[in-house]
Amino acid sequence: MNIYQADIQLAAARHLRWMPDSIVVTEDEITVSGWALSLWDGHDQQRFLINGVDFDQVEWPIASPDLLVPFGDVPRAATSRFRCRHRRADGRNLFPDGFARLNITGRFGEHRLSYRTAWYVADPAHEQDMPSPGQIERVIGAGNLPAFLFGGATIVKRFEQLLLERFDRPLSSFQSILDWGCGAGRLSRYLSLVSPSVTGIDIDADNIEGCARTLPGARFMQVGLMPPTSLPDEAFDLVLGLSVLTHLDEPVQDAWLEELRRVTRPNALLMLSVQGLAQMALYGTPLELHLEAHRKGILDAGANSQLQDVIADPSYYRNVMHSPDYIMTRWSRWFDVLDIIDGTAGNQDIVLLRRRTD
Ligand SMILES: C[S@@+](CC[C@H](N)C(=O)[O-])C[C@H]1O[C@@H](n2cnc3c(N)ncnc32)[C@H](O)[C@@H]1O
């Protein structure tokens, strides 16, 4: 066994634990299929839960020889797919607070930290207008609308739970929220349901125009590739930046961290995501790249062509990896780095930062 490879796979089994690849909600039922990894629990100990209650029907385990490629060192990876179904019987509200919470746990069920592996689906009856497949593809790499929606709902709900866990603060307690690199509004569409003051900014003019047209509960603004923006000083007390710094080289990163410092209030909180081991496992990132990122601290793995039709400089948008030690030291020039939480931002890691008062 290659111990480096095993470390990456363990991160997926520990921190992602499971992922849906399809969630379908109809008039009559919800069906979910995907894969689930477990290190210590036997197959007979897995529980498949919706809003904390066991699914009506579970097919598990289903053969998954394809999972041997990313997770070959994880026990039982070849039999780790599932399909579950839950009916909308009388009196059952599948979306109690507007969302259904899906989770796979060991035999003890959910606990205080289970939100970190839960996936959330918003009630389709209350969804707002949708972006086009092309707009979605530019931000998640595929024009998959259901994955865009459950990914966005999940990240917002997990961020909300993290803020409650660490600071006892609901999203609604923040006065002004910045969705930095909002893309096609994956987070803003759900943030704007709980906060009247969400601002989304992005360098992608087409996505900004689409968000402004379809999501009336937030405001949107195109920004240039390099700061400063026209946003006022100390405008925000919460900033979310999902998979933005995973695309900027070091000089651009530093300039934007400086800008985020300028536009945040003292004690503001920031949650910026980076590519960690869990995502590397999922994407099959070559081990050598991970080792190089770890040793250098920040690794620019090359240009990313996803924005080539919408930005003037095709070399701007990169694929970038960071090491935790680098983040802890470099980013603390601008913010207190409070924590890095593995695999919680969809499949990326969350860096939790606080703006200093000086
Ligand atoms: C991987 S996408 C993620 C989009 C969105 N945060 C989400 O999770 O769906 C990265 C986004 O960051 C935007 N972006 C890249 N550099 C940026 C910058 N310096 N300022 C604002 N947005 C930026 C891109 O246009 C793109 O929409």
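Residues numbered from 1 in each chain as written. Predicted model: local features only at pLDDT ≥ 70, side-chain atom pairs only at ≥ 80, totals over all residues.

1. Remarks on the sheet that holds strand β2 (residues 29–36)
Within the open sheet, the four strands sit side by side as β1-β2-β6-β5. Their pairing is antiparallel. Strand pairing shows two members of the sheet lacking a second neighbour, β1 (18–25) and β5 (57–62), which therefore form its edges. Direction aside, the axes of adjacent strands within the sheet are offset by 15° on average. Bridge count for β5 against strand β6 (residues 81–87) is four bridges, and the pairing is antiparallel. From the neighbouring strand, isoleucine 62 faces β6, where its bridge partner is arginine 81. (Pairing = 2+ DSSP bridges. Helix = DSSP H or I, 4+ residues; strand = E, 2+ residues; numbered from the N terminus. Axes fitted to C-alpha atoms, helices over the stretch in contact; angles between N-to-C directions.)

2. Observations concerning the environment of serine 323
As for its position among the elements, serine 323 is in the loop between β15 (318–322) and α10 (324–330). Looking at serine 323, the number of C-beta atoms within 10 Å reads 20, which means it is buried. As for serine 323 and lysine 296, which are separated by 27 residues in sequence, their C-alpha atoms are 8.0 Å apart. What serine 323 contacts, discounting residues up to four positions off in sequence, is Ala293, His294 and Gly297. (Buried ≥ 20, exposed ≤ 12 C-beta atoms within 10 Å, placed from the backbone. Contact = placed C-beta atoms within 7 Å.)

3. What to know about the site of the ligand
Taken together, 19 residues sit near the ligand, with Gly181, Gly183, Arg186, Leu242 and Ser243 positioned nearest. Split by residue class, the shell around the ligand holds eleven nonpolar, five polar and three charged. (Near = placed C-beta within 6 Å. Nonpolar A, V, L, I, M, F, W, Y, C, P; charged D, E, K, R; others polar.)

4. A look at unusual backbone geometry
For the peptide bond that leads from tryptophan 60 to proline 61, omega is -5°, which places it in the cis range. Along the chain, the position of proline 61 falls in strand β5. Across the junction of proline 227 and proline 228, the peptide omega takes the value 10°, indicating a cis bond. Structurally, proline 228 can be placed in the loop between β11 (219–222) and β12 (236–241). One non-glycine residue, glutamate 234, lies in positive phi territory at about 50°. Locating glutamate 234 in the fold gives a position in the loop between β11 and β12. What makes glutamate 234 partly exposed here is the crowd of 15 C-beta atoms within 10 Å. The phi dihedral of serine 243 is positive, around 55°, even though this residue is not glycine. Within the secondary structure, serine 243 sits in the loop between β12 and α7 (250–263). For serine 243, a count of 21 C-beta atoms within 10 Å corresponds to the buried category.

5. With respect to the sheet that holds strand β9 (residues 177–180)
Here we have seven strands laid out as an open sheet, ordered β11-β10-β9-β12-β13-β17-β16, and mixed in their pairing. Two strands in the sheet have a free side with no partner beyond their single neighbour: β11 and β16 (335–345). The sheet shows a mean angle of 20° between the axes of neighbouring strands, taken without regard to direction. Relative to β12, β9 is paired through three bridges, and the arrangement is parallel. Within β12, the position partnered with leucine 178 by the bridge is valine 239.

6. As for the pairing of strand β8 (residues 119–122)
Burial along β8 is two-sided: Trp119 and Val121 and Tyr120 and Ala122, pointing in opposite directions, are all buried. Here strand β7 (residues 99–105) pairs with β8 via four bridges, running antiparallel. Counted as the bridge partner of arginine 101 is tyrosine 120 from β8.

7. Focus: the nonpolar core
With 94 residues, the main nonpolar core has Ala12, Leu37, Val121, Ala153, Val239 and Leu270 as its most contacted residues. In terms of residue count, helix α4 (residues 145–167) provides more of this core than any other element does, eight residues in total. A domain split of this core shows at least three residues from each of domain 1 (3–125) and domain 2 (133–355). Every residue in contact with alanine 153, bar those within four places of it in the chain, is listed here: Phe99, Tyr120, Val121, Ala122 and Tyr190. (Core = buried A, V, L, I, M, F, W, Y, C linked by C-beta atoms within 7 Å. Domains from an automatic or database assignment.)

8. A few points about α4
Side chains of residues three or four places apart in an α-helix project in the same direction, reflecting 3.6 residues per turn. Here α4 contains 23 residues, and its C-alpha end-to-end distance of 33 Å stays within 8% of the 33 Å for a straight helix at 1.5 Å per residue. Two residues or fewer after α4 comes aspartate 168, characterised by a positive phi angle close to 55°. (Expected span 1.5 Å × (residues − 1).)

9. Considering the domain arrangement of the protein
What the domain assignment reports for the protein is domain 1 (3–125) and domain 2 (133–355). Here the C-alpha centre of domain 2 lies 25 Å away from the C-alpha centre of domain 1. Each partner contributes to the interface: domain 1 provides 20 residues, whereas domain 2 provides 24 residues. Put simply, the parts of the chain that give the side of domain 1 that touches domain 2 at least two residues each are α1 (3–16), β1 and β8. Counting residues per element, the side of domain 1 that touches domain 2 draws most heavily on α1, at nine residues. Residue composition of the side of domain 1 that touches domain 2, grouped by class: 14 nonpolar, four polar and two charged.

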